[in-house]
Amino acid sequence: MAETIFSKIIRREVPAKIVYEDELSLAFHDVSPQAPVHVLVIPKKPIVSLDAATEEDLQLLGHLQWVICQVARNLNIHETGYRVVTNCGADGGQSVYHIHYHLLGGRTLAWPPG
Ligand code: AMP
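Residues numbered from 1 in each chain as written. Predicted model: local features only at pLDDT ≥ 70, side-chain atom pairs only at ≥ 80, totals over all residues. Heavy atoms only, no water.

Asks: Help me understand the environment of Ala110 in this model?
Replies: Counting through the fold element by element, Ala110 comes out in the segment after β5 (101–105). Along the backbone, Ala110 and Ile9 are 101 residues apart, and their C-alpha atoms lie at a distance of 30 Å. (Helix = DSSP H or I, 4+ residues; strand = E, 2+ residues; numbered from the N terminus.)

Structural data, given as structure tokens:
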């Protein structure tokens, strides 16, 4: 897949406010936050989107959801609640083609999305 800004963040070539890291994943604040807490959780493996994930990635996808919960807890939004979003492809509004989960919280979020 084509190189993205997220690969550069993983390699520390582009700065980011990192809130969590392990051997498989990284979480950092979104540069353009849409809520008081807006963190992106990504795998270090460069998967293009949810649609590009394969059966081989099942455990990794589960791990990312576990990481999201840890980050929500660390940032103290686990009791008030939060939303987890992955935009997939053009109609989904994806702009960076390295799979990522938006973790949004710290305010009441409207539904449905636009
Ligand atoms: P999406 O539109 O779902 O692909 O989300 C991509 C997200 O990446 C957007 O919310 C951007 O604000 C965010 N983003 C882009 N570049 C950076 C960066 N250098 N550091 C942190 N977040 C970024």
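Picking up after the structure, the text goes on.
Asks: What should I look at first to understand helix α2 (residues 58–74) in this one?
Replies: In an α-helix, one turn spans 3.6 residues, which is why side chains three or four residues apart end up on the same side. Under the 1.5 Å per step criterion, the end-to-end length of α2 is 25 Å for 17 residues, consistent within 8% with the ideal 24 Å. Residues of α2 that are buried: Leu60, Leu61, His63, Leu64, Val67, Ile68, Val71 and Ala72. Among the residues trailing α2, Asn76 stands out with phi positive, at a value near 65°. (Expected span 1.5 Å × (residues − 1). Buried < 20%, exposed > 50% of the residue type's maximum accessible area, 1.4 Å probe, protein only.)

Asks: What's the story with the site of the ligand in this structure? I'm lost.
Replies: Taken together, 16 residues sit near the ligand, with Asp30, Asn87, Ser95, His100 and His102 positioned nearest. Note that an oxygen atom of the ligand is positioned 2.9 Å from one of the backbone N or O atoms of Val96. For the ligand, whose unbound accessible area comes to 500 Å², protein coverage reaches 82%. The set of elements that each furnish at least two residues to the shell around the ligand consists of α1 (5–10) and β2 (25–29). (Near = heavy atom within 4 Å. Polar contact = N/O pair within 3.5 Å; in protein donor to acceptor, adjacent residues only side chain to side chain. Areas by Shrake-Rupley, 256 points an atom, 1.4 Å probe, with all protein chains shown as cover.)

Asks: Would you explain the side chain of His100 in this entry?
Replies: Among the structural elements, His100 can be located in the loop between α3 (89–92) and β5. A polar contact is formed between the side chain of His100 and the backbone oxygen of His98, at a distance of 2.7 Å. Apart from residues no more than four positions distant in its own chain, His100 is found in contact with Phe6, Leu40, Val41, Ile42, Val85, Thr86 and Gln94. (Contact = heavy atoms within 4.5 Å.)

Function-wise, these values are silent; they only describe arrangement.
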